Amino acid sequence: MPPKKYISLLFALMCIAPALAQEKAFLGKWDITGTKGKEKYIYWLEVKQEGGKLMGDFLNRGGSVLPLPEISIEKGELVFSPTRDGNQPKQVHRAKVVGGKLVGTMTSDTEKVEWVGVRPPKWGKYDANAAHKWGNPVELFDGKGLTGWHYQLPDRPAGWSVEDGVMTNSAHANNIVSDQKFRDFKIHAEYKLENESNSGIYLRGRYELQVLDDYGKPPESHRHMAIYSRVAPLVNASKLPGEWQTMEATIVGNRVTVFLNGQKVHDNSAIEGITGGALDSDEGQPGPIMIQGDHGKVWVRKVTVTPIGK
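A brief look at the structure comes next.

Calculation notes
Residues numbered from 1 in each chain as written. Predicted model: local features only at pLDDT ≥ 70, side-chain atom pairs only at ≥ 80, totals over all residues. Heavy atoms only, no water. Helix = DSSP H or I, 4+ residues; strand = E, 2+ residues; numbered from the N terminus. Buried < 20%, exposed > 50% of the residue type's maximum accessible area, 1.4 Å probe, protein only. Contact = heavy atoms within 4.5 Å. Areas by Shrake-Rupley, 256 points an atom, 1.4 Å probe, with all protein chains shown as cover. Lys, Arg positive; Asp, Glu negative; His and termini not counted. Charge placed at Lys NZ, Arg CZ, Asp CG, Glu CD. Pairing = 2+ DSSP bridges. Axes fitted to C-alpha atoms, helices over the stretch in contact; angles between N-to-C directions. 1 Å grid on protein atoms, 1.4 Å probe; cavity = no way out; pocket = protein on both sides within 12 Å on 5 of 7 lines; lining within 4 Å. Points joined across faces, edges and corners; volume = space filled by probe spheres on them.

Turning to the overall build of the protein chain, a few remarks are in order. Within the protein chain one finds one helix and 22 strands. Buried residues in the protein chain amount to 45% of all 310 residues. Taking all contacts inside the protein chain whose residues are at least 6 apart in sequence as the whole, residues at least 24 apart take part in 57%. For the protein chain, the computed accessible surface area is about 15,700 Å², with 52% contributed by carbon and sulfur atoms. Taking the average place of the 39 positive charges on the side chains of the protein chain and the average place of its 36 negative ones, the gap between the two points comes to 8 Å.

Pasting the structure below:
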């Protein structure tokens, strides 16, 4: 008969094994869509094991991807709470893996949101710098009107107009979204900003390249041409407010190379997930171009998308 210490060790291992398997099911990235009545909310979550401790990063609809201050597994459920936003009520998320999906609920003192998370695509080895076969360029702005665009929030004032061949917004207007959707492509855009203004160009409607008046400031993950809150640009290539600027980005799979005013600011950078304000979390699907109008004032005179052929 084995000694009691071996029996105790075996029992302990038998207890630990299910817990480890349970934890493993939650690990990794999740693209999350929440619903509350007719409202749709977009989240993103990554669950990690570091130094024997469960950790996580979370995108709470808008803003930045932030580390979770509270995350645990309780009775087979993943339980986490994002950082409180000012005086907002504390949110508690609870979720289980069901049929390969992460099915959860967010509750607070003021609301309840049901949500479902799916795994992002397995991107493989994409290269934005490869020799691509280009399709026909698509001019999304003809300098005359806003045909080919719609507004993100139909029940909100538009706030966009065309003046002297340039489309521009009033501050805190709507976001403008292209009717056409694209998968892998090159985008060329020309724009200028007023002093201290803030906008963004969303690739596939999911990945924001920050547009910001930050002339002379060091690169950072929230500054001009950053993959917002995820990847800082290599250099600050911004011009002064009021000067026309040119960006060109090539996105293939989850890789992007970006030039700002002729300088390379991203070199085949990996996009690890959606950014705040994404239209949806369907990362494997084509998506539109979105230009932020709900922050500061921006003038745009050219938006050209050239798809990459098969």
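Having seen the structure, we can now continue with the description.
Bringing the sheet that holds strand 5 (residues 70–74) into the picture now. Ordered in space as 4-3-2-1-9-8-7-6-5, the nine strands form an open sheet in which the pairing is antiparallel. Edge positions in the open sheet fall to strand 4 (65–67) and strand 5, since each of these has one partner strand only. For this sheet the average axis-to-axis angle between neighbouring strands, irrespective of direction, equals 25°. For strand 8 (residues 101–107) and strand 9 (residues 112–118), the ladder comprises six bridges, and the chain directions are antiparallel. Opposite T107, over in strand 9, you have K112 as the bridge partner.

A few words now on empty space enclosed by the protein. For the coordinates displayed, the defined rule picks out one cavity of 30 Å³ or more. Empty space within the largest cavity amounts to approximately 70 Å³. Around the largest cavity, the lining residues are I187, A189, E190, Y191, S199, I201, V211, I289, I291, V298, V300 and V303. Taken together, the elements giving at least two residues each to the lining of the largest cavity come down to strand 15 (185–193), strand 16 (198–203) and strand 22 (298–307). For the lining of the largest cavity, the leading source of residues is strand 15, giving four residues.

Keep in mind these values describe shape, not function.
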